[in-house]
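Here is what each chain is made of, one letter per residue.
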Amino acid sequence: MKQAQYYKIILMMKVDVLLGLQWGDEGKGKIIDILAPKYDIVARFQGGPNAGHTIEFDNQKYILHIIPSGIFHNTINIVGNGVVIDPFELKKEIEILEKTNVDVPSKLYLSRKANLILPTHRLLDAAMERGRGNQKIGSTLRGIGPAYSDKVARNGLRIGDIEKNNLYEKYKNIKEQQIRIIKAYCDDINLLENIDILEQQWFEGIEYLKKIKFIDSEIFINNELIKGKRLLAEGAQGTMLDIDFGTYPYVTSSNTICGSVTTGLGIPPQQINKVFGVFKAYCTRVGSGPFPTEQDNDIGVKLRNNGAEYGSTTGRPRRCGWLDLVALKYSVIINGVTELIMMKSDVLDDFNNIKICEQYEINRELTKDLPYDLSDNTIKPVYVNMNGWQKTIKTIKEYNDLPENLKSYINYIERYVG
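Described below are features of the structure shown in this document. (Residues numbered from 1 in each chain as written. Predicted model: local features only at pLDDT ≥ 70, side-chain atom pairs only at ≥ 80, totals over all residues. Heavy atoms only, no water.)

### Considerations on the overall build of the protein
Thought 1: Regarding its fold elements, the protein presents 12 helices and 18 strands.
Thought 2: For the protein, the C-alpha radius of gyration of 22 Å lies close to 22 Å, the compact-globule estimate for 418 residues.
Thought 3: For the protein, the proportion of its 418 residues judged to be buried stands at 54%.
Thought 4: Counting only contacts in the protein whose residues sit at least 6 apart along the sequence, the fraction spanning at least 24 positions is 76%.
Thought 5: Carbon and sulfur atoms provide 48% of the accessible area of the protein, an area that totals close to 19,900 Å².
Thought 6: Positive and negative side-chain charges in the protein, numbering 53 and 52 respectively, have mean positions lying 3 Å apart. (Helix = DSSP H or I, 4+ residues; strand = E, 2+ residues; numbered from the N terminus. Rg over C-alpha atoms; globule rule 2.2 N^0.38 Å. Buried < 20%, exposed > 50% of the residue type's maximum accessible area, 1.4 Å probe, protein only. Contact = heavy atoms within 4.5 Å. Areas by Shrake-Rupley, 256 points an atom, 1.4 Å probe, with all protein chains shown as cover. Lys, Arg positive; Asp, Glu negative; His and termini not counted. Charge placed at Lys NZ, Arg CZ, Asp CG, Glu CD.)

Encoded structure:
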């Protein structure tokens, strides 16, 4: 009789995820900064330098574009394979942090499988946006879309290529291909004038990154989970900017939803535990694209001024509007959100009347389900009116001390999204 074989079941620590539920800018960085001390690792799993996570630490404001928001704490910070990295931009970000005595090289790890943004990606981004004319999607022009395109086309460079001897040769081949594409998109030759400067900065960044630890992140992360280490996966942008499930084509170039954690870090799906969904008490978005509850009026201006709503990456004024519960519920469902975190409710402190969109009217029919094409100009938001609290809440620390009308606002949202 053959001897029975026994297999040891490996128990791994569960992974928590924090992501945005709207069009980005929800305040994720602030929450990660609060949660980070509870974790051993904070890891970015998608996006690139178009992220802008603003954190105040020791009375100093920082805007992180690529580096995870746990860098100020005693945690390992990983930029996963799902992220695209601009070496020069990352160099600048590290240098700013090191001026404030943050020991970045000891805390920051880069996945060898993360793709690089090349100088020609930035130029191609600009050429494509110009070529769209009035149909611009509102790109940040940081080369992120073209970098992801090359990744999918299997024509990209990755962090791991920095360790190889043929990096320059591979770079040169891709550069020549992309210059031909740029010229095809845009006949403005002036667009290529700065390529030598961009290229010099890029190679400076490449050399600088050699002092950062490169890892096979999927192996490293899973081994750490087996050891019982706690990991928080940090999302960038927001669910409504997801390349598949957002307001396409006015979206970002990556999957921003919870499912992207498995592909962007190499984590098994069954290891995902809590999903923290961050949203504002109202809605904002930057750039073009549909926005059913937008208030292009005095209310929108007041929301923008009260909330200092300007893009942390681009500086562009954000479009502002009332909270959209139809879209929020959609985000909760496809991310499997287990805990909601509402930000910036104090922006509404001095509003007498507050509106919440609870359904859409489309061709005279009412629906509480998010339609596929939000850009349909027949969509009209249907609002419920709520009384404001007209009291500052900035000094309140306990839930029981909140104004009753704010509690009602919170309860209404919880009931609606389940």
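On we go from here.
### A word on the side chain of Thr-256
Thought 1: Topologically, Thr-256 is positioned in the loop between strand E10 (231–234) and helix H9 (260–265).
Thought 2: Classification of Thr-256 by relative accessible area gives buried; the value is 1%.
Thought 3: Setting aside chain neighbours within four positions, we find Thr-256 in contact with Leu-19, Gln-46, Ala-236, Gln-237, Gly-238, Thr-239, Leu-241 and Asp-242.

### Let's talk about the pattern of salt bridges
Thought 1: According to the stated counting rule, one finds 25 salt bridges in the structure shown.
Thought 2: A salt bridge links Lys-28 to Glu-26; the nearest nitrogen and oxygen atoms lie 2.7 Å apart.
Thought 3: On the basis of relative accessibility, which here comes to 3%, the residue Lys-28 falls in the buried class.
Thought 4: A salt bridge links Glu-224 to Lys-229, with the nearest nitrogen and oxygen atoms 3.4 Å apart.
Thought 5: Judged by its relative accessible area of 7%, Glu-224 is buried.
Thought 6: Given a relative accessible area of 31%, Lys-229 falls into the partly exposed group.
Thought 7: Taken together, the shared-partner salt bridges in this structure form one network comprising Asp-25, Lys-280, Glu-309, Arg-318 and Lys-344. (Salt bridge = Lys/Arg side-chain N within 4 Å of Asp/Glu carboxyl O.)

### Brief notes about the packing of aromatic side chains
Thought 1: In total, this model carries 9 aromatic pairs according to the counting rule given.
Thought 2: Where Tyr-109 meets Phe-220, the ring centres are 5.3 Å apart and the plane angle is 80 degrees; that geometry is what we call edge-to-face. Remark: Phe-220 occurs in helix H8 (residues 217–226) and Tyr-109 occurs in strand E7 (residues 108–111); sequence separation between them is 111 residues. For the pair Tyr-109 and Phe-220, one class covers both residues: buried.
Thought 3: Relative to Phe-203, the ring of Tyr-171 lies with its centre 5.2 Å away and its plane at 80 degrees, an arrangement referred to as edge-to-face. Note that Tyr-171 is positioned in helix H6 (residues 167–185) and Phe-203 in helix H7 (residues 195–209), a separation of 32 residues in sequence.
Thought 4: Overall, the relative accessible area of 0% leaves Tyr-171 in the buried class. (Phe/Tyr/Trp six-rings, centres within 6.5 Å; stacked < 30°, edge-to-face > 60°.)

### Re unusual backbone geometry
Thought 1: In this chain, Tyr-248 is followed by Pro-249 through a cis amide linkage whose omega measures 5 degrees.
Thought 2: Relative to the elements of secondary structure, Pro-249 occurs in the loop between E10 and H9.
Thought 3: With a phi angle near 55 degrees, Gln-237 is a residue other than glycine that sits in the positive phi range.
Thought 4: Looking at where Gln-237 falls in the secondary structure, it is placed in the loop between E10 and H9.
Thought 5: At Lys-344, a residue that is not glycine, the phi angle is positive and equals roughly 60 degrees.
Thought 6: Along the chain, the position of Lys-344 falls in the loop between strand E15 (339–343) and strand E16 (353–362).
Thought 7: Residue Lys-344 is classed as partly exposed on the basis of its relative accessible area, which comes to 26%.

### Section: the state of the cysteines
Thought 1: Applying the stated criterion to the full structure yields 0 disulfides.
Thought 2: Here Cys-283 stays free of any disulfide, with the sulfur of Cys-357 as its closest cysteine sulfur at 8.7 Å.
Thought 3: Classification of Cys-283 by relative accessible area gives buried; the value is 2%. (Disulfide = S-S within 2.5 Å.)

### What about helix H12 (residues 404–417)?
Thought 1: For H12, which comprises 14 residues, the first-to-last C-alpha distance of 20 Å matches the rise-based estimate of 20 Å (1.5 Å per residue) to within 8%.
Thought 2: Inspection of H12 places Leu-406, Lys-407, Tyr-409, Ile-410, Tyr-412, Ile-413, Tyr-416 and Val-417 among the buried residues, and these make up the whole buried set.
Thought 3: Remark: Gly-418 follows H12 within two positions and exhibits a positive phi of approximately 80 degrees. (Expected span 1.5 Å × (residues − 1).)

### Considerations on the sheet that holds strand E2 (residues 41–44)
Thought 1: In space, the 8 strands of this open sheet follow the order E9-E7-E5-E2-E10-E1-E11-E15, with parallel pairing throughout. If you trace the sheet from one side to the other, it starts and ends with strand E9 (213–215) and E15, each paired once. The mean angle between the axes of side-by-side strands here comes to 25 degrees, regardless of whether they run parallel or antiparallel.
Thought 2: Judged from the 4 bridges that link them, E2 and strand E5 (residues 76–79) form a sheet pairing that is parallel. By the bridge assignment, Ala-43 is partnered in E5 with Ile-78. (Pairing = 2+ DSSP bridges. Axes fitted to C-alpha atoms, helices over the stretch in contact; angles between N-to-C directions.)

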